[in-house]
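The chain contents come next:
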Amino acid sequence: MRRKNVNDYLAFIAVAREQSFTKAAAQLGVSQSALSYTIRTLESHLGLRLLTRTTRSVSVTEAGEQLLNRIGPHFDEIESEIAALSSMRDKPAGTVRINAVEHAAETILWPKLSPLLLDYPDINIEIISEYGLKDIVAERYDAGVRLGEQIDMDMISIPLAANFCFAVVAAPAYFQDKPQPVTPYDLSKHSCIKLRLPTHGGFYVWEFSKEGNELKVRIEGRGAFSSISMMRQAALDGLGIAYLPKDIVDTAIADGRLIQILADWCPPRPAYHLYYPSRRQHSPAFSLVLEALRYRRA
């Protein structure tokens, strides 16, 4: 590979992974026109079309896919090793990207990482909250956060908190003319507040367990949201029954704004874990994030 072409290949990798000239140009700090010229030059040099462009999308050709799979991991390894050299600096620097569910991001990640950002001004943190399970390697996250039971065996994981419970709750007004459910089966007679999942347009299935009897209940209702904070507010407003992490409704249960039901069907669930690839060389910034998030039992 000629030295002057290294940046051309980096430009191709960025466009291929982002599937967008706009996003890749912003990532590389160049103009879209300059980036487009670079890709055309690379294609001319190789004598192959690497990308298919339309007015609305960019996709990788078969040749482009083969090139990306061959050279992409090597550039990633180089980038990782260079980042590791920053351990020689007095101030760790760089960006750490974490994919997490909303509840963990709000109650665990941000409270623990905000002091770190204040102490280390050269470290940047990106927390992307969503409920779909992501391939953190393919999507270039440094780590992800999910319940311990959802993590692949080939990942390193560390617990972030103690086990926690879900709570089934509704406002007193909702039960004024309805009997309270006694078992999860009774939920079929009620309006429940649904959590929309990004994958395949489905809804979160409520999970229950009692004396070894495990149930998964598909609920119906008039309200559906992609945020648990909105679900909590809908429950407070009397729209129906919600299934939420207990810590975010404890105060409302204590002051009577919400009524908890089916508590005997909601045992503790496995704790949230931070997980990341075992083969990655940790940057000093990522090591500090790991240390800040590590769960320490009282």
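Here the structure is shown first, and the text comes after it.
Below or above, wherever it landed, is the structure these notes cover. None of the values given here were measured: they were computed from a predicted structure.

About the criteria used
- Residues numbered from 1 in each chain as written.
- Predicted model: local features only at pLDDT ≥ 70, side-chain atom pairs only at ≥ 80, totals over all residues.
- Heavy atoms only, no water.
- Helix = DSSP H or I, 4+ residues; strand = E, 2+ residues; numbered from the N terminus.
- Contact = heavy atoms within 4.5 Å.
- Core = buried A, V, L, I, M, F, W, Y, C linked by side-chain atoms within 4.5 Å.
- Buried < 20%, exposed > 50% of the residue type's maximum accessible area, 1.4 Å probe, protein only.
- Pairing = 2+ DSSP bridges.
- Axes fitted to C-alpha atoms, helices over the stretch in contact; angles between N-to-C directions.
- Arc of directions from axis to C-beta.

**Digging into the side chain of H103**
Considering the arrangement of structural elements, one finds H103 in helix α5 (residues 102-119). Not counting residues up to four positions away in its chain, the partners in contact with H103 are I108, Y131, F164, I228, P245, D247, I248 and Y272.

**Describing the nonpolar core**
Across soluble globular proteins, nonpolar side chains have a tendency to be buried as a group. In terms of nonpolar packing, the biggest core is built from 60 residues, with F208, I241 and L274 touching the most fellow members. The leading source of residues in this core is α5, at six residues. Residue contacts for L274: discarding those within four places in its chain leaves I98, A143, G144, V145, I156, S157, I158, L160, L290 and L293. By size, the runner-up hydrophobic cluster in this structure holds 20 residues, among which are F12, A24, I39 and L67.

**Details of the sheet that holds strand β5 (residues 143-147)**
Taken in spatial order, the five strands make up an open sheet running β4-β3-β5-β14-β6, and their pairing is mixed. Either end of the sheet is taken by a strand with one partner, and the two such strands are β4 (123-129) and β6 (155-159). Looking at each pair of strands side by side, their axes are set apart by 25 degrees on average, direction ignored. Both β6 and strand β14 (residues 272-277) contribute to a ladder of five bridges, which runs antiparallel. Opposite S157, over in β14, you have Y275 as the bridge partner. With respect to the sheet, α5 is in contact with β3 (94-100), β4, β5 and β14, its orientation differing from that of β4 by roughly 175 degrees.

**Looking at helix α6 (residues 228-236)**
Among all positions in α6, only I228, M231, A234 and A235 are buried. Each buried residue of α6 sits inside an arc of 115 degrees when the element is viewed along its axis, so together they form one side. Where α6 is buried, its residues meet α5, β8 (193-195), β11 (223-225) and β12 (242-245). Following α6 by one or two positions, G238 has its phi on the positive side, about 85 degrees.

**Observations regarding the environment of G72**
With respect to the secondary-structure elements, G72 resides in helix α4 (residues 62-84). Through-space distance from the C-alpha of G72 to that of K23 is 18 Å; in sequence the pair is 49 residues apart. Excluding residues that lie within four positions of it along the chain, G72 makes contacts with I13, R17 and L67.

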